[in-house]
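Fold and contact review
Read off the chains here:
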Protein chains: 2
Amino acid sequence: MRIGIYGYGNLGRGVEAAAKYNPDCEIVGVFTRRDPDAVKTLTGIPVYSSENILDYKDKIDVLIICGGSATDLPEMTPSLAKSFNVIDSFDTHARIPEHFARVDEAAKASRKLALISAGWDPGLFSIARLYASAVLPEGKDYTFWGRGISQGHSDAIRRIDGVLDARQYTVPVPEALSAVRAGECPELKTREKHKRECYVVAEDGADLARIEKEIKEMPNYFADYDTTVEFISMDELRRDHRGMPHGGSVIRNGKLGLSGESTCTIEYSLKLDSNPQFTASTILAYARAIYKLSLRGEAGCKTVFDIAPADLSPLSGEEIRAHLL
Amino acid sequence: MRIGIYGYGNLGRGVEAAAKYNPDCEIVGVFTRRDPDAVKTLTGIPVYSSENILDYKDKIDVLIICGGSATDLPEMTPSLAKSFNVIDSFDTHARIPEHFARVDEAAKASRKLALISAGWDPGLFSIARLYASAVLPEGKDYTFWGRGISQGHSDAIRRIDGVLDARQYTVPVPEALSAVRAGECPELKTREKHKRECYVVAEDGADLARIEKEIKEMPNYFADYDTTVEFISMDELRRDHRGMPHGGSVIRNGKLGLSGESTCTIEYSLKLDSNPQFTASTILAYARAIYKLSLRGEAGCKTVFDIAPADLSPLSGEEIRAHLL
């Protein structure tokens, strides 16, 4: 399976690193909108200009598009699906139906395959929600994120005047998590599910009280949460907050039995030292599935819901039945 | 979707109860090898003799075969796959390839669909192992069962001379579970993974020391485990050990990053008040998938690995993309 990486940020580098663990997968190259000579890859794979991508039409089995969901992917994925089997990690939940429709139209016209919204949420967490609701139709599910770094919230803090750098951790409220794990089905407000911990490096002489107030009152990002702000030095930030850990849990509590007398709890949880590396590794498994489906002549846009587990594995049907069932 | 229940023990009753939570599913009837007049169903659905099952060939979309894996299913599933779409919960791991081959041959010849080994292990736990190994190729996974009742081990104790009744709980060893959850990859012997708790009602005047010794030294069942035996009264057994709880966890720890510097932990866990009710509810979701596949003209034997998550849901593709992705 010959893989192209389109875009070379954290996710693109994650795909390059994850290929090491997937011997059936060969990285053809990185395609960048920047000057290719200015981009140095982790493992020495070649870098090409994204302008020349069409020259690689017959040299790439699946193109992994590592762009942002806000403006990159809505353009890139439908456009590249005209010439390649593609996969992206589009994660703007509310705009998924619209993105799906545009990519599906492009991929059906070109008889290529596309898979959107791969990763862990959307992705593995979505599947966990679907399996759980299918096997426990009467119930309620909860998704908790963290403890982990939210890139979007960290960026929001960095845009505040007087802030040099920042890291924001999303943290599940322990009492909420315990109650749900114990089989309860509480109604939880936003504030009762997650809290936000901010580590901020301010400019010398900046008004710390004002920065803290601006963070805590920021609508959508922080105002609906219990937020803590701690000012630290740049050295502390680099020493203690270097990684990009994340994770979380999808938990569903459901009732079974003639009179609903049995409670069942299903939990799917992730604890990740590196969010982009794990996302990339998951995307590579879905790239394998897309490649298999393309060999069977399928076309159009898929999501993780449409992919049978067997197609993610490099093993044969006989092997997985004998060893994993 | 019209469902037939073939065999009416704990699992068959579980399917009957689970239908209540699945409005798209209608139970046509129970088919039994016993005298139908002697079988009373929970919800009043009709009971027929299994001898007349072929009369219902056009009235049943999927037949759920609720028999034992030792002798029932190896005969029943291939035989019934000649006339029906069938689903079973065959759980003798070592004999799955052979069972699959026989059922596949029968179902392909009749152009029917079959799915074997549905439930939670084999079943949802198998899927958890497959997803985890696909997204974390370099790693090690662990399956812990319990705390929960093992029917097979309880039966083994009941066969000992002087025993009136018994319940055996399989319990993960807490230290092992904690180590694996913390991202470690220990090599664990059988004894280090699970312990066995036995609650036994003995006949009046029975030799308790002999019974305890026979349990603890029983090969395969108990000899390789740390086993505790507690003698209780029949009243205590009925009061405190009435249910059939079970559950467990599939945990995989894997490495990512160029030099394996990132650890990721994936855990899928179940906590079930009633093992047979949950198994039945899971089987019903897979019956829905088999029905959908049959409408698309597919045939042959499948396992949970071959079923895309979307096919388990009563919702449309648009609905699941909008609400669960």
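First things first, this report covers the structure right here in the doc. (Residues numbered from 1 in each chain as written. Chains lettered and ligands numbered in written order. Predicted model: local features only at pLDDT ≥ 70, side-chain atom pairs only at ≥ 80, totals over all residues. Heavy atoms only, no water.)

1. Regarding the side chain of B:S154
Residue and element names in this part refer to chain B.
- Note on placement: S154 falls in helix 5 (residues 151-158).
- On the basis of relative accessible area, S154 is assigned to the buried category, the value being 1%.
- A polar contact of 2.8 Å, which involves the side chain of S154, links it to the backbone oxygen of S150.
- Once residues within four sequence positions are removed from consideration, S154 is found in contact with I149, A166, R167 and Q168. (Helix = DSSP H or I, 4+ residues; strand = E, 2+ residues; numbered from the N terminus. Buried < 20%, exposed > 50% of the residue type's maximum accessible area, 1.4 Å probe, protein only. Polar contact = N/O pair within 3.5 Å; in protein donor to acceptor, adjacent residues only side chain to side chain. Contact = heavy atoms within 4.5 Å.)

2. Side note on the packing of helix 4 (residues 124-135) of chain A against helix 4 (residues 124-135) of chain B
- Put simply, helix 4 of chain A and helix 4 of chain B touch, their axes get as near as 13 Å, and they point 175° apart. Considering their axes alone, helix 4 of chain A and helix 4 of chain B lie roughly antiparallel with respect to each other. Residue-level contacts link A:L124, A:I127, A:Y131 and A:V135 of helix 4 of chain A to B:L124, B:I127, B:Y131 and B:V135 of helix 4 of chain B.
- The residue inventory of the contact of helix 4 of chain A with helix 4 of chain B, partitioned by class, reads eight nonpolar, no polar and no charged. (Axes fitted to C-alpha atoms, helices over the stretch in contact; angles between N-to-C directions. Parallel < 35°, antiparallel > 145°, perpendicular 65-115°, else oblique. Nonpolar A, V, L, I, M, F, W, Y, C, P; charged D, E, K, R; others polar.)

3. Considering the sheet that holds strand 11 (residues 226-231) of chain A
All names here are of chain A.
- Strands sit in the order 8-9-10-11 across an open sheet of four strands; the sheet is mixed. Whereas interior strands pair on both sides, the edge strands pair on one side only; in this sheet they are strand 8 (148-149) and strand 11.
- When strand 10 (residues 194-202) meets strand 11, the two strands line up parallel, connected through six bridges. Considered in strand 11, the bridge of E197 is made with T228.
- Against the sheet, helix 8 (residues 208-216) contacts strand 9 (163-172), strand 10 and strand 11, and its axis sits at roughly 150° relative to strand 11. (Pairing = 2+ DSSP bridges.)

4. Quick word on helix 4 of chain A
All names here are of chain A.
- For helix 4, which comprises twelve residues, the first-to-last C-alpha distance of 17 Å matches the rise-based estimate of 16 Å (1.5 Å per residue) to within 8%.
- Burial within helix 4 is extensive, with eleven of its twelve residues counted as buried.
- Of the positions making up helix 4, those classed as buried are L124, F125, S126, I127, A128, R129, L130, Y131, A132, A134 and V135. (Expected span 1.5 Å × (residues − 1).)

5. Focus: the relation of the copies chain B and chain A
- Once chain B has been moved 0.0 Å along the axis and rotated by 180°, it coincides with chain A to within an RMSD of 0.0 Å. A rotation of that kind, with that shift, is consistent with a two-fold axis. Taking C-alpha positions as reference, the residue of chain B nearest the rotation axis is B:A308, located at 1.9 Å.
- Looking at the interface residues of chain B, 100% of them are also at the interface in chain A, so both copies use one shared face. (Least-squares fit on C-alpha atoms with pLDDT ≥ 70 in both.)

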